[in-house]
Amino acid sequence: MSVLNKKTVEDLDVAGKKVLVRCDFNVKMENGVITSDKRVVAALPTVKYLIEHNARVILCSHLGRPKGQVNPEFSMKPVAQCLSKYLGQEVKLADDVVGESAHALADSLKDGEVMLLENVRFEAGETKNDPELSKSFASLAELYVNDAFGSAHRAHSSTAGVADYLPSAVGYLMQTEIDVMGKALENPVRPFVAILGGAKVSDKIGVIENLIDKCDTLIIGGGMAYTFFAALGHTVGTSICETDKIDLAKELMAKAEAKGVKFLIPVDNRVGLEYKPDTEHKVVDSDDIPDGWMGLDIGAKTEALFSEAIKNAKTVVWNGPMGVSEWENFASGTIAVAKAVAEATDNGAVSIIGGGDSAAAVKKLGFSDKMTHISTGGGASLEFLEGKELPGIACIDEK
Ligand code: ADP
Ligand code: MG
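Rules and cut-offs
Residues numbered from 1 in each chain as written. Chains lettered and ligands numbered in written order. Predicted model: local features only at pLDDT ≥ 70, side-chain atom pairs only at ≥ 80, totals over all residues. Heavy atoms only, no water. Helix = DSSP H or I, 4+ residues; strand = E, 2+ residues; numbered from the N terminus. Contact = heavy atoms within 4.5 Å. Salt bridge = Lys/Arg side-chain N within 4 Å of Asp/Glu carboxyl O. Pairing = 2+ DSSP bridges. Axes fitted to C-alpha atoms, helices over the stretch in contact; angles between N-to-C directions. Near = heavy atom within 4 Å. Polar contact = N/O pair within 3.5 Å; in protein donor to acceptor, adjacent residues only side chain to side chain. Areas by Shrake-Rupley, 256 points an atom, 1.4 Å probe, with all protein chains shown as cover. Nonpolar A, V, L, I, M, F, W, Y, C, P; charged D, E, K, R; others polar. Phe/Tyr/Trp six-rings, centres within 6.5 Å; stacked < 30°, edge-to-face > 60°. Buried < 20%, exposed > 50% of the residue type's maximum accessible area, 1.4 Å probe, protein only. Lys NZ or Arg CZ within 6 Å of the ring centre and 35° of its normal. Parallel < 35°, antiparallel > 145°, perpendicular 65-115°, else oblique. Left-handed = near helix turned anticlockwise from the far one by under 90°.

1. With respect to the environment of A394
Here is step 1 of the chain: Summarising the element assignment, A394 is placed in helix α13 (residues 391–394).
Here is step 2 of the chain: In this structure, the C-alpha to C-alpha distance between A394 and A152, residues 242 residues apart in sequence, is 9.1 Å.
Here is step 3 of the chain: Setting aside chain neighbours within four positions, we find A394 in contact with K6 and E389.

Structure below.
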């Protein structure tokens, strides 16, 4: 099954219809105030399309973890206000999720008007994908649009179950994620370079296995490299190393070789004495990590090696920083790789950044505008890269 064949909002006849739209308004909040409204902004194209096409728009999302109980601390009120501001029209907030207030407001909507349901996770059935709740969501509207990519890996009532009872489509945000990542994985322009890093091999087994089948070059950096070093018989000092994954690392390297995938791991490393931002540090070769030192970034020779391999790529998928890039002393490798990916992108490559920490690192280091696509879904993008079927996408009607 291809994810590239899903109905989009433009395939629906929305005029005069009540359209339930699942968004990802799980915004960052502090003391009841939104500290980053980028998720609201990301939802605007779909909402505006629906307004312009005279739909009656019923938005919904989760916010935080109210754990199935009504809790004013997690009310969508700030989101309704934020939406009103961006849309330049009132977005009414229902007092409940699928209760009397929601129904009354939905039935009173005129063409082009917008309302917001209360936090879907006020309902205990939401995270259980309870069919009764799914039916209740469906009873509010005539059409369903899922635009919550960040929640697409969850089979919940508002992200998946509801689609059993209404004609459905994906919104623009979801469509972009599917188009860019789906094309890269299903039909990549070659050479395809996959760059994997981050803390642990165990977090990324699925991603490595899926990408090994598709890419031409596999680059491994970050903390996970040290498990591969151990598999090669190197000592790793106090570096993060998963001894129970050493055999797996050997298998993965054998698989890469059997498939003719070029496999690159660091040849040198910036090691530190302690896991601290200002710890004493130096660069050593990969077969020469001294006792008591831990690898916290790739070294300069590795930066050059990786950059050379990335420069001529036509498809780049990158998940996982090359080191502890949160700390200035250990950010150099991630910056070098980001520069190489930016250069490849300048030369026509499609570059995709997946994973929450990776997206944050690329943004913080100032490379946001240089990449083709930074996925908005942390966990969802990882599962996508693992080749898993995401319930929030799978549930949507095909064209
Ligand atoms: P993502 O969220 O993008 O999938 P991960 O969570 O797998 O990425 O990896 C990010 C984390 O990995 C960061 O917090 C970073 O500090 C850590 N990390 C990277 N390299 C190392 C290393 N050599 N030792 C310890 N931690 C590392
Ligand atoms: Mg992470």
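2. Let's talk about the pattern of salt bridges
Here is step 1 of the chain: The full count for this structure, using the stated rule, is 14 salt bridges.
Here is step 2 of the chain: Between D216 and R190 there is a salt bridge; the shortest N-O distance is 3.1 Å. A residue pair is termed long-range when its members are at least 10 positions apart, and D216 in the loop between α6 (201–212) and β10 (217–220) and R190 in the loop between α5 (172–186) and β9 (192–196) qualify at 26 residues.
Here is step 3 of the chain: Note that K311 and E308 form a salt bridge whose closest N and O atoms lie 3.2 Å from each other.

3. Considering the sheet that holds strand β5 (residues 91–93)
Here is step 1 of the chain: With respect to topology, 6 strands assemble into an open sheet ordered β5-β6-β4-β1-β7-β8, the strand pairing being parallel. Edge positions in the open sheet fall to β5 and β8 (168–170), since each of these has one partner strand only. Within this sheet the neighbouring strands show an average axis-to-axis angle of 25°, counted without direction.
Here is step 2 of the chain: Where strand β7 (residues 143–146) lies against β8, 3 bridges are found, and the strand directions are parallel. Paired with Y144 across the bridge in β8 is S168.

4. Topic: the site of ligand 1
Here is step 1 of the chain: Taken together, 20 residues lie near ligand 1, and K204, G295, E326, D357 and S358 sit nearest.
Here is step 2 of the chain: The separation between an oxygen atom of ligand 1 and a polar side-chain atom of K204 is 2.5 Å.
Here is step 3 of the chain: Within the side chain of N319, an N or O atom sits 3.1 Å from an oxygen atom of ligand 1.
Here is step 4 of the chain: Considering ligand 1 on its own, with 580 Å² of exposed area, one finds that the protein chains cover 87% of that surface.
Here is step 5 of the chain: The set of elements that each furnish at least two residues to the shell around ligand 1 consists of β14 (294–298) and α11 (356–364).
Here is step 6 of the chain: It is α11 that contributes the most residues to the shell around ligand 1, 3 residues altogether.
Here is step 7 of the chain: Tallied by class, the residues present in the shell around ligand 1 amount to 7 nonpolar, 10 polar and 3 charged.

5. What about the packing of aromatic side chains?
Here is step 1 of the chain: This model, assessed by the stated rule, comprises 6 aromatic pairs.
Here is step 2 of the chain: Judged by centre distance (5.6 Å) and plane angle (50°), the rings of F228 and F263 are tilted. With a gap of 35 residues between them, F228 in helix α7 (residues 225–231) and F263 in strand β11 (residues 262–264) connect regions that are remote in the sequence.
Here is step 3 of the chain: We classify F263 as partly exposed; its relative accessible area is 21%.
Here is step 4 of the chain: Ring centres 4.7 Å apart and planes at 55° place the aromatic pair Y275 and W327 in the tilted group. Separated by 52 residues along the polypeptide, Y275 in the loop between β12 (268–272) and β13 (281–285) and W327 in the loop between β15 (315–319) and α10 (332–346) bring together distant segments of the chain.
Here is step 5 of the chain: We classify W327 as buried; its relative accessible area is 17%.
Here is step 6 of the chain: In this structure an aromatic cluster arises from ring pairing among Y275, W327 and F330.
Here is step 7 of the chain: The ring of Y86 carries the charged tip of K85 above its face, separated from the ring centre by 4.7 Å.

6. Digging into the packing of α6 against helix α8 (residues 246–259)
Here is step 1 of the chain: Between α6 and α8, whose axes approach to 11 Å, the crossing angle comes to 15°. Between α6 and α8, the interaxial angle falls into the category roughly parallel. Of the two possible hands of crossing, α6 and α8 adopt the one that is left-handed. Contact residues: V201, I205, I208, E209 and I212 in α6; L248, L252, K255, A256 and K259 in α8.

7. Observations regarding the environment of A313
Here is step 1 of the chain: Relative to the helices and strands, A313 is located in the loop between α9 (300–311) and β15.
Here is step 2 of the chain: When neighbours within four sequence positions are excluded, A313 is seen to be in contact with P191, V193, A344 and A349.

8. Structural notes on the packing of helix α1 (residues 38–52) against helix α2 (residues 77–87)
Here is step 1 of the chain: In the contact formed by α1 and α2, the axes pass within 11 Å of each other and the chain directions differ by 60°. Considered as vectors, α1 and α2 are oriented oblique to each other. Where α1 crosses over α2, the two elements pack in a sense that is right-handed. Taking contact as the criterion, the partners of V40, V41, L44, V47, K48 and I51 in α1 are, on α2, V79, C82, L83, Y86 and L87.
Here is step 2 of the chain: Across the contact of α1 with α2, the residue classes tally to 10 nonpolar, no polar and 1 charged.

9. With respect to the side chain of N146
Here is step 1 of the chain: Counting through the fold element by element, N146 comes out in strand β7.
Here is step 2 of the chain: With a relative accessible area of 0%, N146 lands in the buried category.
Here is step 3 of the chain: When sequence neighbours within four positions are dropped, the list of residues in contact with N146 reads R22, T159, A169, V170, G171, M174, G392 and I396.

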